[in-house]
There are 2 protein chains.
Amino acid sequence: MGARRTRVLELAVLGLLYETPLHGYGLRKRLNSELGVFRAFSYGSLYPCLKEMLRQGHISQHPEETGFGRRPRIVYRLTEAGHEHLHGMLADVTPAACDDECFGVYFALFGHARSDLRLRILHGRRDRLLSRLEELRSRPSHTADDYLRELRRHGAESVEREIHWLDELIAREQRSAAPSPPQPGSPG
Amino acid sequence: MGARRTRVLELAVLGLLYETPLHGYGLRKRLNSELGVFRAFSYGSLYPCLKEMLRQGHISQHPEETGFGRRPRIVYRLTEAGHEHLHGMLADVTPAACDDECFGVYFALFGHARSDLRLRILHGRRDRLLSRLEELRSRPSHTADDYLRELRRHGAESVEREIHWLDELIAREQRSAAPSPPQPGSPG
DNA sequence: GTTAGCATGTAAGGAGTTACATGATTTT
DNA sequence: AAAATCATGTAACTCCTTACATGCTAAC
């Protein structure tokens, strides 16, 4: 069985290894504590994913340089091909790819991304939420059920709120990106 | 192969057929327009699910009573066993079962549920959200990354809002539920 | 008379999960 | 010495999707 594709997980692993090399167990910990605000990954998916990424040459493995009595752990590190692959994935971000799960992972990479990529992801997410909102509104009283209507109302409100949040982030991003006034910005 | 379990989809189908018998195509339409506010199902999952439910005896199929030139559609209807199965599933609702996906489906059944079941589901969802909130707060500044912190802040705010929404629904439910003496459970 | 939508399916695959198996190391 | 947790995996399964196959029927 070749080629497990592991979309979200693969992206998350690429993102984490972009920061620093790490071994499997540590990866899972960071996956579930930092990225995994909205979801948790198990070893049963992580290790096969690493195996496949190795096979594709996106990561390489090295025995940990350890002291004396310690068994060396298997440390994974992003290869050049892995860097390219990550950039390729980010270059392909579309609204369709900005579902709840993926957006969290994309967002987690923001610290390392360039401003134009950040903006594209924020806009992609915004577009997607707008579609959802339209859908939610397109059947206003089709259902007689009060509970369903209330659920939909609350859903629409949440989506609106997230759109508003994105608008603020986008505005902030644009202010710090377009350096009209001579303002020495912060980090790149 | 046997026994596809199809949790969410099965639950949704049981719920829809609880209301009224329907054929596959119509089921999918209602799934995606009413329940599927948050997700869409495809025929490739629906029809095998129906097949399996048939095999288990939870639904039965009948050729539609049609007029003249019309080809009769295959109409599915909940059996006694199906009713029991649905009640069993609802009786087993725990906080763990109240994830984003399932909660929407549970909620969609509220119109047919008794008040105590509604309350149990609302509380189950609330408990689950509280756990998530605690998790979100348990690592406040563990990350130096501003973006991740902002993502988490917004996530926590959304969760708080939903909890508040649930609190209102619960209060409303309790007001309308038991101001009068305890009545022996009549079916809803 | 051809597109669009109704209607019912199957086969293969995707992206994970749970449960299992095993052993090393650290903490109590 | 026992329990916890670190660490690395595999096998079987789940639940759903996409793509495919097929034919009917209504609308333009």
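As the structure is a computational prediction, the values presented were derived from the model and not from experiment.

Each value, and the rule that gives it
- Residues numbered from 1 in each chain as written.
- Chains lettered and ligands numbered in written order.
- Predicted model: local features only at pLDDT ≥ 70, side-chain atom pairs only at ≥ 80, totals over all residues.
- Heavy atoms only, no water.
- Helix = DSSP H or I, 4+ residues; strand = E, 2+ residues; numbered from the N terminus.
- Buried < 20%, exposed > 50% of the residue type's maximum accessible area, 1.4 Å probe, protein only.
- Contact = heavy atoms within 4.5 Å.
- Areas by Shrake-Rupley, 256 points an atom, 1.4 Å probe, with all protein chains shown as cover.
- Buried area = accessible area lost by both parts, 1.4 Å probe.
- Salt bridge = Lys/Arg side-chain N within 4 Å of Asp/Glu carboxyl O.
- Polar contact = N/O pair within 3.5 Å; in protein donor to acceptor, adjacent residues only side chain to side chain.
- Nonpolar A, V, L, I, M, F, W, Y, C, P; charged D, E, K, R; others polar.

A few words on the overall build of chain A. Check the secondary structure of chain A and you find seven helices and three strands. In sequence order, chain A lays out its α and β elements as α-β-α-α-β-β-α-α-α-α. Looking at the 188 residues of chain A, the share that counts as buried comes to 44%. Intrachain contacts of chain A at a sequence separation of at least 6 include 57% that bridge at least 24 residues. Total accessible area on chain A stands at roughly 10,700 Å², and carbon and sulfur atoms take up 53% of it.

Turning next to the interface of chain B and chain A. Quoted interface sizes are often the accessible area lost when the parts come together. On the side of chain A, 28 residues touch chain B, which itself brings 28 residues to the contact. Summing the contributions of chain B and of chain A, the shared interface buries around 2,800 Å²; its carbon and sulfur component is 64%. Looking only at chain B, the three residues that lose the most surface to chain A are Tyr147(B), Leu151(B) and Trp165(B), adding up to 23% of its buried area. On inspection of chain B and its partner chain A, the count reaches zero salt bridges. On the surface where chain B and chain A come into contact, there are four residue pairs in polar contact (both at pLDDT 80 or more). Of all the elements in the fold, those that place two or more residues in the side of chain B that touches chain A are helix H2 (24–35), helix H5 (100–108), helix H6 (115–138) and helix H7 (146–177) of chain B. The element best represented in the side of chain B that touches chain A is H7(B), accounting for 12 residues. Class assignment for the residues of the side of chain B that touches chain A results in 10 nonpolar, seven polar and 11 charged.

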